[in-house]
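Next come the chains, spelled out residue by residue.
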Amino acid sequence: MIHFVLLISRQGKVRLTKWYSPYSQKERSKVIRELSSEILSRGPKLCNFVEWRGFKVVYKRYASLYFCICSDQDDNELETLSIIHHYVETLDRYFGSVCELDLIFNFHKAYFILDEILLAGEMQETSKRTTLRLIAAQEELLEAAKEEASSLSSIIAQATK
Amino acid sequence: MNPFSSGTRLRDMIRAIRASKTAAEERAVVRKECAAIRAAINENDQDYRHRNLAKLMFIHMLGYPTHFGQMECLKLIASPGFPEKRIGYLGLMLLLDERQEVLMLVTNSLKQDLNHTNQYIVGLALCALGNICSAEMARDLAPEVERLLQFRDPNIRKKAALCSIRIIKKVPDLAENFINSATALLREKHHGVLITGVQLCTDLCKISPEALEHVRKKCTDVLVRTLRDLANSPYSPEYDIAGITDPFLHIRLLKLLRVLGEGDADASDSMNDILAQVATKTESNKVAGNAILYECVQTIMSIEDNGGLRVLAINSLGRFLSNRDNNIRYVALNMLMKAVTADGQAVQRHRATILECVKDSDASIRKRALELVYVLVNETNVKPLAKELIDYLEVSENDFRGDLTAKICSIVSKFSPEKIWYIDQMLKVLSEAGNYVKDEVWHALIVVITNATELHGYTVRALYRAFQTSAEQESLVRVTVWCIGEYGDLLVNNVGMLDIEDPITVTESDAVDVLEIAIKRHESDLTTKAMALVALLKFSSRFPSCSERIKEIIVQFKGNLMLELQQRAIEFNSILAKHQNIRSTLVERMPVLDEATFIGRKAGSLPGAASTTTMPSVGIPNGEAKPAAPLIDLLDLSSDDAPAPSSSGGDLLHDLLGVDLSPAPQQSGAGQPSKSGTDVLLDLLSVGSPAQSSSSTVDILSSNTNGKSPVSPLDDISSLSLSSRANSNAGAAPMMDLLDGFGPSPSKENNGPVYPSITAYESSSLRLTFSFSKQPGNPETTNIQATFTNLSSTVYTDFVFQAAVPKFLQLHLDPASSNTLPAAGNGSVTQSLKVTNSQHGKKNLVMRIRIAYKLNGKDTLEEGQINNFPREL
């Protein structure tokens, strides 16, 4: 099972945190501090796994971002690596060649996409197309709500004129 | 409307934060935003609530406190619209965790949303529930989730399945409710539902044996078929990764098959074919393919034995191991670790490669490889493996050395074929990485050294050599210091040379050099310095020629700021100065340490295992069993600042001393600070001086055995809490009086009546005092401690004391502590007498004495009669 997902920039800034196991806010910041210093200091040719507090942290660097997933000791590390890649590809398709700035300004979308791929620390959907379709459908709902709100407000505006 | 919140959009705030050049600027922006958000919260602002929460989440990620936004999440979740709910649930998962009580308030909203007509809202609720639900929520909402497992839309079914995993993990009792609906999911065609169904079944099987039985019986074939179809499926763009259709599903299926096959031959049998197919046909040039292979190998190794498959699996691991990709090698090491128990021989074949991995530049790989090597070591290969590891120790990185050293020490001590090899290897480790060696390891080494009688000379010479090059390694210094203290004579005289040794010339002063370096070394800690002091004392008695120099060194420590060192220095100095005659016996060589006891105590706390294991103290022979040993123990005492009886390190230390410290009393030396030093010294003397009859020793011991005090004198000394010594063993007290010319003994011996000491004889040149004690239950016998003090200014030599008694008395004289009586009361000679009065109660003791000595070479004789014995003797 996955315990948490972290996105850390090369400068150590947190871009996304998703917790599937209970960590108090204090523990969370401690975990982030510990792991970012450990992972950011690793050389480029080393393996992508770090053993940490009896767990395994699988990380991969894409451009300026480190994607880290902490999973159980006996989980398949190579699969976890594939999950990271799967997530990155999905983001890439959604944003169209994703970059760190996309994830900063649309951090909530990165969360929504992650929530369609992982749930309760397990793999939820293996098809990128399905994931993106679900995201698109929910965004349509948002648009519809917005339009409704604006038409409502214009009706109100007209009525109060 | 709030004047602040209308102003900035989320995007603008992020821009402002990113534009901040300093941390202070960023804090200012965040503070301003937080103030605006708080204001909006207070005004119960509806329009921008979700924007504010989004801002809060961003601020939260930067590490600022955002607890004030928690209630906003609940309000957003409770609002009817999808956009509000979506951001509300996101905030809930980010800002809260399952342990917060606020979460309980959301249960009702969740319940409503799980029954919502909009499937996306149902999806949001399931997602939140799956990620943060607590046990209470799991209980409350399990029926809803169960129902949603049959929802028409597959995207809800898959979410419900994962939610169920969370629920049964939180509340395992609920597992059986999910068995039927979970197995139904295994027949689905939709990959999302299928993969989540497989995961749910895997977790169910782990939690409930009942579910395992059910799934094994009903679904094994279905799963095997699904896996076969998947493995043989043609290219499908939607699920394809590197030419493989849905590797994630592959892996999850293999994982579930592993659970089903474990411990069940039939199920294992039915999956053999497909496992063989996956193991041979899967492409292994991409991560995804290797992930499947890895999982497949794991399954093959776990299910019931099938020889052919195992060979296949181990071979693929061998391929993994020779892969150039670090990730693959790491995984292979991991897997070989699991394979060792199943097929140790096969893994041994890869030993050379694994050993190479120990030297890898990657810490994760090194760690795995080291652990693997550790389990691969056995009696036959320990020599080459240990050599490789020790060679590597020289070049290894510092942060790896601790682990490596612990493992090497453990291997070496576990499998060493002979003592000399063990000692050699340990010396190498100590010279390379002595600073990383744990205390119990060098304690163990010392135990082995003392037991290897024929190697004492060899060891001390080897240590001496090692010290010349590696004096910066603390543990090496300690062992060297200890051995020179014990076996210094073997070092200097080249005793017991082995054929393999190079001859070496070490003078006495070279040996003292080592001790001096050790004690004066800046980095030496208290223990090392204390050990060096003891070694100096011991060495001085073996080589009187160095006495002066050693005395000088010891004197320098008399003013040391560390109480421990100061005290030792003062005590040792007085041994050197005043008690020449008993010194050699006082600092005799340590008796051989009891290896069996030590090993017994150590068991389970080898460096490889958790070193926190605390073994109960075993009753070990202390003073009572071998009265000679403890004295020497005392001097070999290495002092930990705070001996913690519960930690294994401490235990071992105590073993070394042959003393059980665990009931060490908490006494403070503050009571009699001025006397305490001498007290101990006197105790030392009274126990050890051979001139005394056993009586005084017996007294000490009997006072222990009688339970007068729960504390053995050794404990006292060892724990260096020195006050109250006089009370805790009365036997020693008279000695103190006599030596220091104190008044009558204050001892509170309640074993029998207390008798005042008397001055039995006094002339212008000599004083003789007697102190008395009786063994309980034997009133006829009196033990007398005679103490002679020289009142003149000249040393008396060839000192002899004789006594005669009437027929109704029986007299037994023990040898005197010395035949030289220093001048001017500057020391004394003691002698014990035992008088048995056959007419006890009727007649008093009476004694005639004659004292002969040489004064400036001239024979002198003094005679006298003693009539002033206490009446009741």
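Positions within a chain are numbered from 1, following the residues in the order the chain's sequence is written. Chains and ligands are labelled by the order in which they are written, letters from A for the one and numbers from 1 for the other. The predicted origin of the model limits local features to residues at a pLDDT of at least 70 and limits the giving and counting of side-chain atom pairs to 80 or more, whereas totals for whole chains, interfaces and linings rest on all residues. Note that the side-chain values use all heavy atoms of the structure and ignore hydrogens as well as water.

A.B. asks: Looking at this model, I keep getting lost on the overall build of chain A. Mind explaining?
C.D. replies: Check the secondary structure of chain A and you find five helices and seven strands. Only runs of H or I of at least four residues qualify as helices and only runs of E of at least two qualify as strands under DSSP, and these elements are numbered from the N terminus. Counting helices and strands in the order they occur from the N terminus, chain A gives β-β-α-β-β-β-α-α-α-β-β-α. Taking all 161 residues of chain A together, 58% fall into the buried category. Residue contacts are defined here by distance: any two heavy atoms, one from each residue, within 4.5 Å place the two residues in contact. Put simply, of all contacts in chain A between residues at least 6 apart along the chain, 46% involve residues at least 24 apart. To measure how exposed things are, a 1.4 Å probe is used in the Shrake-Rupley method; for residues, cover is taken only from the protein chains shown. Entry remark: accessible area of chain A is about 6,700 Å², with carbon and sulfur atoms responsible for 54%. Accessibility here uses a 1.4 Å probe with only protein chains present; expressed as a share of the type maximum, an area under 20% marks a residue as buried, one over 50% as exposed, and anything in between as partly exposed.

A.B. asks: How should the overall build of chain B be read in this particular structure?
C.D. replies: Secondary structure summary: chain B contains 39 helices and 10 strands in total. Counting the 873 residues in chain B, one finds 58% classified as buried. For chain B, restricting intrachain contacts to residue pairs at least 6 apart in sequence, the fraction spanning at least 24 positions comes to 68%. When the accessible surface of chain B is summed, it comes to about 35,100 Å², and 51% of that surface belongs to carbon and sulfur atoms.

A.B. asks: Whenever I open this one, the interface of chain B and chain A confuses me. Can you help?
C.D. replies: A common way to state how big an interface is: give the accessible area lost once the parts meet. Each side of the interface is counted separately: chain B has 71 residues, and chain A has 65 residues. Together, the buried faces of chain B and chain A total about 6,000 Å²; carbon and sulfur atoms form 56% of this surface. When residues of chain B are sorted by the area they lose upon contact with chain A, M61, R86 and F248 of chain B head the list and together hold 12% of the total. Throughout this description, the term salt bridge denotes a Lys or Arg side-chain nitrogen within 4 Å of a carboxyl oxygen of Asp or Glu. As a salt-bridge pair, K255 of chain B and D75 of chain A come within 3.9 Å of each other at their nearest N and O atoms. Between N or O atoms, a polar contact is any pair within 3.5 Å; within protein, one atom must be a potential hydrogen donor and the other a potential acceptor, and residues adjacent in sequence are included only when both atoms are from side chains. Inspection of the region where chain B meets chain A yields 28 residue pairs in polar contact (both at pLDDT 80 or more). Per-element tally for the side of chain B that touches chain A: the top contributor is helix 9 (residues 154-170) of chain B, with eight residues. Under the scheme applied, nonpolar residues are Ala, Val, Leu, Ile, Met, Phe, Trp, Tyr, Cys and Pro; charged residues are Asp, Glu, Lys and Arg; polar residues are all the others, including Gly. The residue makeup of the side of chain B that touches chain A, split by class, is 32 nonpolar, 17 polar and 22 charged. Here the buried area means the combined drop in accessible surface, using a 1.4 Å probe, for two parts upon being joined, counting both sides.

A.B. asks: Honestly, the sheet that holds strand 10 (residues 858-866) of chain B in this entry has me stumped. Any pointers?
C.D. replies: Strand-to-strand pairing in sheets goes through backbone hydrogen bonds, with the strands running parallel or antiparallel. Residues and elements named next belong to chain B. DSSP-based pairing: two strands are paired if at least 2 bridges between them are found. With antiparallel pairing, the three strands of this open sheet are ordered in space as 6-9-10. Each edge of the sheet is formed by a strand with only one pairing partner; in this case those strands are strand 6 (796-804) and strand 10. Taking the axes of each pair of neighbouring strands and ignoring which way they run, one obtains an average angle of 15 degrees across the sheet. Direction of pairing for strand 6 relative to strand 9 (residues 847-855): antiparallel, over a ladder of seven bridges. Bridging from a neighbouring strand, Q802 pairs with R850 of strand 9. Axes here mean lines fitted to C-alpha atoms, for a helix over just the part in contact, with angles spanning 0 to 180 degrees between N-to-C directions.

A.B. asks: Sorry, what's going on with unusual backbone geometry here?
C.D. replies: Even without being glycine, R53 of chain A reaches a positive phi, approximately 50 degrees. Tracing the backbone shows R53 of chain A in the loop between strand 3 (49-52) and strand 4 (55-62).

A.B. asks: Can you walk me through a nonpolar patch on the surface in this structure?
C.D. replies: A contiguous nonpolar surface patch, about 300 Å² in accessible area, is contributed by L152, I155 and I156 of chain A. Mapped onto the secondary structure, I155 of chain A falls in helix 5 (residues 128-160). Patch rule: a residue counts if its relative accessible area is over 30% and it has no salt bridge; like charges are joined within 9 Å, and nonpolar side chains (Val, Leu, Ile, Met, Phe, Trp, Tyr) within 5 Å.

A.B. asks: Any chance you could explain the packing of aromatic side chains here in plain terms?
C.D. replies: Any pair of aromatic rings gets described here by the distance separating the centres and the angle formed by the planes. Ring pairs are drawn from Phe, Tyr and Trp, using the six-membered ring of Trp, whenever the two centres fall within 6.5 Å, and their geometry is named by plane angle: stacked under 30 degrees, edge-to-face over 60, tilted for the rest. This structure, assessed with the given rule, holds 20 aromatic pairs over all chains. Positioned above the aromatic ring of F112 of chain A, the side-chain terminus of R86 of chain B is 3.6 Å from the ring centre. Residue placement shows K407 of chain B over the ring face of Y374 of chain B; its charged tip is 5.1 Å from the ring centre. Two conditions define a charge sitting above a ring: the NZ of Lys or the CZ of Arg must be within 6 Å of the ring centre, and it must be within 35 degrees of the ring normal.

A.B. asks: Could you clarify how one ought to interpret the pattern of salt bridges in this entry?
C.D. replies: Pairs can form between side chains of opposite charge whenever their charged atoms are close. Inspection of every chain in the model, using the stated rule, returns 40 salt bridges over all chains. Between R53 of chain A and E34 of chain A there is a salt bridge, with the nearest N and O atoms lying 3.0 Å from each other. With R53 of chain A in the loop between strand 3 and strand 4 and E34 of chain A in helix 1 (residues 25-40), this pair connects stretches of sequence that are 19 residues apart. Residue class for E34 of chain A comes out partly exposed when judged on its relative accessible area of 29%. Its salt-bridge partner being E122 of chain A, residue K169 of chain B comes within 3.9 Å of it at the nearest N-O pair. In this pair, K169 of chain B sits in helix 9 while E122 of chain A sits in strand 7 (residues 122-123), so the two residues belong to two different chains. Owing to a relative accessible area of 35%, K169 of chain B belongs among the partly exposed residues under this scheme. Looking at E122 of chain A, the relative accessible area reads 7%, which means it is buried.

A.B. asks: Teacher, can you tell me more about the layout of surface pockets here?
C.D. replies: Empty space among the atoms can be located by rolling a probe the size of a water molecule over them. A pocket here means an open set of points on a 1 Å grid, computed over the protein atoms alone, that has protein on both sides within 12 Å along at least five of seven lines. A cavity is instead a set of points where a 1.4 Å probe fits but cannot get out; residues with an atom within 4 Å of a point line either one. Grid points are joined across faces, edges and corners, and a volume is the space filled by probe spheres set on the points. Within this model, the largest pocket holds a volume of roughly 1,400 Å³. Taken together, 34 residues line the largest pocket, and the ones lying closest to its centre are L142 and K146 of chain A together with H50, R51 and P83 of chain B. When residues in the lining of the largest pocket are grouped by element, the largest group, 10 residues, is from helix 5 of chain A. Of the residues that constitute the lining of the largest pocket, the class distribution is 13 nonpolar, eight polar and 13 charged.

A.B. asks: How should the sheet that holds strand 2 (residues 14-19) of chain A be read in this particular structure?
C.D. replies: All names here are of chain A. Read from one edge to the other, the open sheet built from five strands follows the order 2-1-5-4-3, with strand pairing classed as antiparallel. Strands with a single pairing partner mark the edges of an open sheet, and in this sheet they are strand 2 and strand 3. Neighbouring strand axes in the sheet, compared pairwise and without regard to direction, differ in orientation by 20 degrees on average. Note: strand 4 against strand 5 (residues 65-71), seven bridges, orientation antiparallel. Within the sheet, the bridge partner assigned to Y59 lies in strand 5 and is C68.

A.B. asks: Looking at this structure, how should I read the packing of helix 26 (residues 474-493) of chain B against helix 27 (residues 508-520) of chain B?
C.D. replies: Geometrically, a packed helix pair is captured by the angle between its two axes and the distance between the axes. Residues and elements named next belong to chain B. Across the interface, helix 26 lies against helix 27 with an axial gap of 10 Å and an inter-helix angle of 165 degrees. Taken as axis vectors, helix 26 and helix 27 run roughly antiparallel relative to one another. Note on packing geometry: the crossing formed by helix 26 with helix 27 is left-handed. Residues V477, T480, V481, I484, L491 and V492 of helix 26 lie in contact with helix 27, whose contacting residues are E508, A511, V514, L515 and A518. Grouping the amino acids of the contact of helix 26 with helix 27 by side-chain chemistry returns nine nonpolar, one polar and one charged. Each angle is binned into one of four classes, with values under 35 degrees roughly parallel, values over 145 roughly antiparallel, values of 65 to 115 roughly perpendicular, and all other values oblique. Definitions for this section: a left-handed crossing has its near helix turned counterclockwise from the far helix by less than a right angle. A right-handed crossing has that turn clockwise.

A.B. asks: What am I meant to see in the nonpolar core here?
C.D. replies: Note on soluble globular proteins: their nonpolar side chains tend to be buried together. Here, the term nonpolar core denotes a set of buried Ala, Val, Leu, Ile, Met, Phe, Trp, Tyr and Cys residues that are joined through side-chain atoms within 4.5 Å. Among the nonpolar cores identified, the biggest contains 265 residues, and F67 and Y87 of chain A together with L92, I354 and F539 of chain B are the most heavily contacted of them. Of all the elements, helix 26 of chain B adds the most residues to this core, at 11 residues. I354 of chain B has contacts with L321, L333, L336, V347, A369, L372, V373 and L376 of chain B, leaving out every residue within four places of it along the chain. Listed in part, the 28 residues of the second largest apolar core include F788, F808, L821 and M847 of chain B.

A.B. asks: Teacher, can you tell me more about the confidence of the model for chain B here?
C.D. replies: Caution is warranted with low-pLDDT regions, since their predicted coordinates should not be read in detail. Residues and elements named next belong to chain B. Predictor confidence is given residue by residue as pLDDT, running from a minimum of 0 to a maximum of 100. On average, chain B scores 75 in pLDDT, and the residues at 70 or more come to 81%. Overall, residues 1-6 carries pLDDT values under 50, and its contacts beyond four positions in sequence, including any with other chains, amount to 15 contacts. Here residues 604-752 is modelled with pLDDT under 50, and outside its nearest four sequence neighbours on either side it reaches 255 contacts, counting other chains as well. Here the complex is predicted with pTM 0.64, and the ipTM for its interfaces comes to 0.93.

A.B. asks: What am I meant to see in the environment of D246 of chain B here?
C.D. replies: Along the polypeptide, D246 of chain B turns up in the loop between strand 2 (244-245) and helix 13 (247-261). With 55 residues separating them in the primary sequence, D246 of chain B and H191 of chain B have C-alpha atoms 8.4 Å apart. Setting aside chain neighbours within four positions, we find D246 of chain B in contact with T126 of chain A together with H191, L230 and Y239 of chain B.

A.B. asks: Help me understand helix 30 (residues 563-578) of chain B, please; the structure alone is not making it clear to me.
C.D. replies: In an α-helix, one turn spans 3.6 residues, which is why side chains three or four residues apart end up on the same side. Expected helix span is computed as 1.5 Å times (number of residues minus one). Compared with an ideal rise of 1.5 Å per residue, which puts 16 residues at 22 Å, helix 30 of chain B spans 22 Å between its outermost C-alpha atoms and is within 8% of the ideal. Of all the residues in helix 30 of chain B, the buried ones are E564, L565, Q567, R568, A569, E571, F572, N573, S574, I575 and L576 of chain B.

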